[in-house]
Structure formats: C-alpha cells, structure tokens
Amino acid sequence: MIKVLVFSCKDYDRHYLSEYNGANNIELVFTDTKLDLDTCQLAVGYDAICTFVNDRLDSEIIRFLAMHHVQHIALRCAGFNNLDLDSAKHHKISVSRVPHYSPESVAEHAISLMLTLNRKTHKAFNRVRESNFSLNGLMGFNMFNKTAGIIGTGNIGIATANILLGMGCKILCHDPQPSVTLLEKGVEYVDLDQLCKQSDIISLHCPLLKSTQHMINTDTINRMKPGVMLINTSRGGLIDTQAVIQGLKSRQIGYLGLDVYEMESELFFEDLSETVIQDDSFERLLTFPNVLITGHQGFFTHEAMQQIAQTTLHNLQLFAAGEAEPNTFLCV
Ligand code: NAD
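Residues numbered from 1 in each chain as written. Predicted model: local features only at pLDDT ≥ 70, side-chain atom pairs only at ≥ 80, totals over all residues. Heavy atoms only, no water.

Bringing the pattern of salt bridges into the picture now. Within the structure shown, the criterion is met by 8 salt bridges. Taking the shortest distance from any N to any O, the salt bridge between aspartate 200 and lysine 225 comes out at 2.9 Å. In this pair, aspartate 200 is assigned in the loop between helix 8 (192-198) and strand 9 (201-204) and lysine 225 in the loop between helix 9 (218-223) and strand 10 (228-232), connecting sequence segments 25 residues apart. Salt bridges linked by common partners bring Asp193, Lys197, Asp219 and Arg223 together as one network. (Salt bridge = Lys/Arg side-chain N within 4 Å of Asp/Glu carboxyl O. Helix = DSSP H or I, 4+ residues; strand = E, 2+ residues; numbered from the N terminus.)

As structure tokens, then:
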C-alpha cells in the first residue's frame, strides 16, 4: 500500500481520482492546500505526492520532500515548468506526468477564445438580456481565409491547427520539430519572424522553457500585423505582460485571449470575488475592451479529467510496483 497526498485538490479532482482509483494498494488523501514552503510539511509520512500546475516544486521543496522520504511526484498535468527536474533527479525522487490528455480540450478552448473575441458573443449575451439589440461595436471578421500562426505544433498545436484548417484558415507554424501530419495537410513552417509578420491570429502552444520565456515581447509584438489577435492557452510566462499591455494601448494588438497568466499562481483556481486583487498588471488587462481572460480552464472537460485521473493513477501504480514508463515518467 502506498500513501499519496493530493495537493491543490478541488471537488472535481477528488471526484475523478476517487472514481478511477479501483486499486486497493493506493491510499489517496486529499487536501485543497497548495504546495509551497509553508505547507510542504503536510507531505511528511507520505510515499508520494500528487500536484497540479501552480504547486511549487523548486529545489528547496524537493530537498525537503527527499529528506522526509517522499519518493514520487505524480504531476496531474502535462506542463512541468513549476518543477526543478534536476533537483528531483539529484534527490532520486521519481516524477511522472500526464503528457497526452485530450489535446482537443485545450485546442477547443483556444478556438472559443478566438471566436468570442472576434464575434463578441460575451458582449452580445449581456446586451440581449437587457433588451439592447443594437449591433454597434459587435462587428467581427470571417475566420475563412485568415492566416493563423501556430507556435508549437505538438499535440495541442496540431489539434488547434486541424480545427482552423476546417474553418478555411491558412496555417503558418513555427516549431523546431515540424509535424509530419500537419505538413501533409499543407501547412507551412516558417521562422518566428515570418509567423509574426504574416499572421492575423497567433496562438501559443509551446512549453514554457528558459528559451521560450517572454518569447512574446516588445520586439516580437512590433513585428506582428497591426491589430493582430494573440491567444495564449499554454503558459503565462511565454508572454511579457508589460509588453502586451503596451501593445494593447498602442492598438498593435487588436485582441488578446488568455487562459494563462504569468502571475496566475496568486490568483487562479480560487474564488477571490471578495478580495482586493493586488496585481495591478492583471487588473489593467481586465480594463481593455478587447481582452478576454479565463482562469486556466483549457483542460477542464469531462474527457480530459477522465484521462488525467486514469493516467495519474496508472503512474502511481507503476511507482508502487517499482516500474516506470518512458512516455509518462520524466525521471525514475
Ligand atoms: P507537446 O509537448 O505535445 O508540444 C509542444 C511543442 O512545442 C513541441 O512540438 C515542441 O517541439 C514545441 N516547441 C518547443 N520549443 C519551441 C519553441 N521555442 N518554439 C516553437 N515551438 C516549440 O505539448 P502539448 O500537449 O501540445 O501542450 C502544449 C502546452 O500547453 C504545454 O506545454 C502546457 O504548458 C500547455 N497546456 C495548457 C493547458 C491549459 O489548461 N490551458 C492544458 C494542457 C497543456
């Protein structure tokens, strides 16, 4: 029997993980507490922990976990930018993740941000409820024949490109590892400069790495088409928030759709409706009429939650059996 503490646990995590935990050798204990330096002592006495995107897994916390004999970290997400992998390897803590769960869940959310910003259905919804049937200010544009730039064509980028191809967009892609599937469908791979210059819509789907941090900055924004639509459902740190605010003020950016934000760990996944938000940059973003922000919900579909729970539990089973899979284990 292994004991696993599940951090940052919401009702829906509890529901899906409990439902799929058919094994009798994994005891899951749930806490809604986020993992950080103040809360890591909760992990004492557990064989493994299960964490999510905004749990802190830096070298200090990993050292603490190792000192207290926590042997495995099961990330119930794809991205691992919040984890110091070298430190986990050094302390011989194995790490697993859920690399491929329903990429369509995030891709479809990226498309819904695009269509909402374009056709302004969020504004129309409120207007019609107030019997305001004026169309002033609601004009959009046809997606058909527009050029969409996809940065990062892994699972989610491919799923996004496929939907946009179906809408009749021309697709430009940028990725050091081009997708054969997309090339066969006639997309074009270009460098970042050309993608910025030619795209009407730019959607980010690459991981947050040292090399990709703030890849959307003053320089890249200035190279984009005036009035460009920028969509980020990947990781907040890909975008330099101050540069984007300037881009919105100058109208270089015509539309901004975010499901992620670089300082989201202070905000997202909690009800802060009675709190005074201290993040002035976030509050500034909310004042623009052409900005739409969702709180990291791209993954949040029934199908994705099922797959996340199943793969996480499978990873924990492998850990319990002293096994690992190259596909889902980052280190053993
Ligand atoms: P993936 O690993 O399948 O694909 C990532 C792609 O990015 C790869 O093809 C890689 O070659 C490419 N890439 C790496 N560096 C690049 C660079 N400098 N420029 C362009 N491309 C680069 O990952 P995925 O499953 O498609 O997920 C993409 C990202 O989406 C994840 O890293 C994660 O941060 C994010 N994500 C967000 C949510 C959400 O709920 N909003 C959910 C899941 C994943």
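Attention shifts here to the sheet that holds strand 4 (residues 72-75). Sheet architecture is open: 6 strands sit in the order 2-1-3-4-5-13, paired in mixed fashion. For this open sheet the edge positions go to strand 2 (26-30) and strand 13 (329-331), each flanked by a neighbour on one side alone. This sheet shows a mean twist of 25 degrees between the axes of neighbouring strands, independent of strand direction. The pairing of strand 1 (residues 2-6) with strand 2 spans 5 bridges and is classified as parallel. Bridge pairing links leucine 5 to valine 29 in strand 2. (Pairing = 2+ DSSP bridges. Axes fitted to C-alpha atoms, helices over the stretch in contact; angles between N-to-C directions.)

Time to look at the sheet that holds strand 11 (residues 253-258). If you walk across this open sheet you meet the 7 strands as 8-7-6-9-10-11-12, and the pairing is parallel. This sheet does not close on itself; its edge strands, each paired only once, are strand 8 (188-189) and strand 12 (291-293). Two elements, strand 11 and strand 12, share 3 bridges in a ladder whose sense is parallel. Across the sheet, the residue bridging to leucine 256 is valine 291, located in strand 12. Of the strands in this sheet, strand 9, strand 10, strand 11 and strand 12 touch helix 4 (residues 103-119), which is tilted by about 145 degrees from strand 10. (Contact = heavy atoms within 4.5 Å.)

This brings us to the site of the ligand. In the vicinity of the ligand lie 24 residues, with Asn155, Ile156, Asp175, Thr233 and Phe299 positioned nearest. Here an oxygen atom of the ligand and a backbone polar atom of isoleucine 156 are 2.8 Å apart. The side chain of arginine 235 places a nitrogen or oxygen atom 3.3 Å from an oxygen atom of the ligand. A total of 860 Å² of accessible area belongs to the ligand in isolation, and the protein chains cover 85% of it. Taken together, the residues that form the shell around the ligand break down as 9 nonpolar, 12 polar and 3 charged. (Near = heavy atom within 4 Å. Polar contact = N/O pair within 3.5 Å; in protein donor to acceptor, adjacent residues only side chain to side chain. Areas by Shrake-Rupley, 256 points an atom, 1.4 Å probe, with all protein chains shown as cover. Nonpolar A, V, L, I, M, F, W, Y, C, P; charged D, E, K, R; others polar.)

As a further point, take the domain arrangement of the chain. Split into domains, the chain comes out as domain 1 (2-101 + 302-331) and domain 2 (103-293). The centre of domain 1, based on its C-alpha atoms, is set 30 Å off from the matching centre of domain 2. On the side of domain 2, 9 residues touch domain 1, which itself brings 12 residues to the contact. When the two sides are added together, the surface that domain 1 and domain 2 hide from each other amounts to roughly 930 Å², 46% of it contributed by carbon and sulfur. Where domain 1 touches domain 2, the interface holds 1 salt bridge. In this assembly, domain 1 and domain 2 are joined by 6 residue pairs in polar contact (both at pLDDT 80 or more). Partitioning the side of domain 1 that touches domain 2 into residue classes produces 6 nonpolar, 4 polar and 2 charged. (Domains from an automatic or database assignment. Buried area = accessible area lost by both parts, 1.4 Å probe.)

As a further point, take unusual backbone geometry. Negative phi is the rule for most residues except glycine; trans is the rule for most peptide bonds. Although it is not a glycine, lysine 120 sits at a positive phi angle of roughly 55 degrees. The topology assignment puts lysine 120 in the loop between helix 4 and helix 5 (121-129). Phi at asparagine 145 takes a positive value of approximately 75 degrees, unusual for a residue other than glycine. Counting through the fold element by element, asparagine 145 comes out in the loop between helix 5 and strand 6 (147-151). For asparagine 145, a relative accessible area of 58% gives the class exposed. (Buried < 20%, exposed > 50% of the residue type's maximum accessible area, 1.4 Å probe, protein only.)

Here the focus is the packing of aromatic side chains. To describe a pair of aromatic rings, you give the distance between the ring centres and the angle between the ring planes. Evaluation of the coordinates by the stated rule reveals 7 aromatic pairs. Note on tyrosine 261 and phenylalanine 282: the rings are 5.0 Å apart at their centroids and 55 degrees apart in plane angle, and the pair reads as tilted. Of the two residues, tyrosine 261 sits in the loop between strand 11 and helix 11 (280-286) while phenylalanine 282 sits in helix 11, which places them 21 residues apart along the sequence. According to the relative accessible area criterion, tyrosine 261 is buried, its value standing at 5%. When its relative accessible area of 9% is taken as the criterion, phenylalanine 282 is described as buried. Among the aromatic residues, ring-to-ring pairing joins Tyr12, Phe52, Phe269, Phe299 and Phe300 into one connected group. Above the plane of the ring of tyrosine 46 lies lysine 3, whose end atom (NZ or CZ) is 4.9 Å from the centre. (Phe/Tyr/Trp six-rings, centres within 6.5 Å; stacked < 30°, edge-to-face > 60°. Lys NZ or Arg CZ within 6 Å of the ring centre and 35° of its normal.)

By size, the foremost hydrophobic cluster in this structure holds 45 residues, and its most contacted members are Ile49, Leu65 and Ile73. With 7 residues, the single largest contributor to this core is helix 12 (residues 302-320). In this structure, isoleucine 49 is in contact with Val4, Leu5, Phe7, Leu35, Ala43, Leu57, Leu65, Val70, His72, Ile73 and Ala74, ignoring residues within four places of it in sequence. One finds Leu208, Ile245, Leu256 and Phe268 within the second-largest nonpolar core, a separate group that totals 32 residues. (Core = buried A, V, L, I, M, F, W, Y, C linked by side-chain atoms within 4.5 Å.)

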